[in-house]
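# Chain and residue survey
Each chain is listed here by its residues.
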Amino acid sequence: MSEIKLAAQTRTEFGKGAARRIRRANQVPGVLYGHGSDPIHLTLPGHELLLALRTSNVLISLDIDGKTTELAIPKDVQRDPLKGFLEHVDLQLVQRGEQVTVEIPVVAEGELAAGGNLLEHVLNALPVEAEATHIPESLTVSVEGLEAGASVLAKDIPLPKGTTLAVEGDTVVLQVLAAQAEEPAAEGAGDEAAEA
């Protein structure tokens, strides 16, 4: 996983008015916290941050006021529900070599057994522990030939070296469901309407 470098400035203004002014300047208010240190309130470049957040669990190298450099991963991203622009971001401070718990998207590949079966994602992302600078972008699992009633458990998903499960191994991640046939309309219902 590559690092994305962003320039950030500390901020001293808080509240809705200050946040609106920051967003009008194409910036995003954020908070950096972790390792028992006091939270650092930041202003981040909006467009660059939006591009960085396209990759889940991206490792961000923050150049804070041109004085210090910190590594962080996104923990919570708030977006405008209608327009989708970033409103606020919480970043967790990390260090090289540190184990972090993150959720990795699960990608299914392959064709299910014939018969109109459906694949249900019980978990879209799998909680794992990984080294902060080696977080996998996604986890791929084969569903080739699985029949209705089959399940893929967390322990069945191959993990990269240095990555461990942060959930029970028996947790269902994917399951195959039989396609539901539509029930024919009740024949007696039409006859009763004709008699009335």
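Overview of the structure. (Residues numbered from 1 in each chain as written. Predicted model: local features only at pLDDT ≥ 70, side-chain atom pairs only at ≥ 80, totals over all residues. Heavy atoms only, no water.)

Another point: the overall build of the protein chain. Per the secondary structure count, the protein chain includes three helices and 13 strands. A compact globule built from 196 residues should have a C-alpha radius of gyration of about 16 Å, whereas the protein chain, at 24 Å, is more than 25% larger. Across its three principal axes, the protein chain shows a C-alpha extent of roughly 80 × 50 × 25 Å. In the protein chain, once contacts between residues fewer than 6 apart in sequence are set aside, the share between residues at least 24 apart is 63%. Of note, the protein chain has its 15 positive side-chain charges centred 19 Å away from the centre of its 30 negative side-chain charges. (Helix = DSSP H or I, 4+ residues; strand = E, 2+ residues; numbered from the N terminus. Rg over C-alpha atoms; globule rule 2.2 N^0.38 Å. Contact = heavy atoms within 4.5 Å. Lys, Arg positive; Asp, Glu negative; His and termini not counted. Charge placed at Lys NZ, Arg CZ, Asp CG, Glu CD.)

Glancing now at helix 1 (residues 16-24). The set of residues buried in helix 1 consists of Ala18, Ala19 and Ile22. Each buried residue of helix 1 sits inside an arc of 100° when the element is viewed along its axis, so together they form one side. For helix 1, exposure combined with an orientation more than 90 degrees from the buried face picks out Lys16 and Arg24. Those residues of helix 1 that are buried are in contact with strand 2 (27-34) and strand 3 (37-45). Remark: Asn26 follows helix 1 within two positions and exhibits a positive phi of approximately 60°. (Buried < 20%, exposed > 50% of the residue type's maximum accessible area, 1.4 Å probe, protein only. Arc of directions from axis to C-beta.)

All right, on to the sheet that holds strand 3 then. If you walk around this closed barrel you meet the six strands as 1-3-2-6-5-4, and the pairing is mixed. Between one strand and the next, the sheet's axes are offset by a mean angle of 45°, whatever the strand orientation. Pairing of strand 2 with strand 3 involves seven bridges; the strand directions are antiparallel. If you follow Gln27 over to strand 3, its bridge partner there is Pro45. Sitting on the sheet, helix 1 touches strand 2, strand 3 and strand 6 (86-94), and the angle it makes with strand 2 is about 115°. (Pairing = 2+ DSSP bridges. Axes fitted to C-alpha atoms, helices over the stretch in contact; angles between N-to-C directions.)

All right, on to the pairing of strand 13 (residues 172-177) then. Where strand 8 (residues 118-121) lies against strand 13, four bridges are found, and the strand directions are antiparallel. In the sheet register, His121 faces strand 13, and the bridge partner there is Leu174.

Counted according to the given criterion, the structure contains one salt bridge. A salt bridge links Asp170 to Lys155; the nearest nitrogen and oxygen atoms lie 3.1 Å apart. Here Lys155 lies in the loop between strand 11 (151-153) and strand 12 (164-165) and Asp170 lies in the loop between strand 12 and strand 13, a separation of 15 residues in the sequence. (Salt bridge = Lys/Arg side-chain N within 4 Å of Asp/Glu carboxyl O.)

The subject of this paragraph is the nonpolar core. Counting 21 residues, the largest nonpolar core has Leu126 and Ile157 as its most contacted members. For this core, the elements supplying multiple residues, two or more each, are strand 5 (68-79), strand 7 (99-109), strand 9 (125-131), strand 10 (139-142) and strand 13. The element that contributes the greatest number of residues to this core is strand 7, accounting for four residues. For Ile157, the residues in contact, after removing those within four places along its chain, are Val106, Leu126, Leu139, Val141, Val152 and Val173. One finds Ala8, Leu53, Ile60 and Leu91 within the second-largest nonpolar core, a separate group that totals 17 residues. (Core = buried A, V, L, I, M, F, W, Y, C linked by side-chain atoms within 4.5 Å.)

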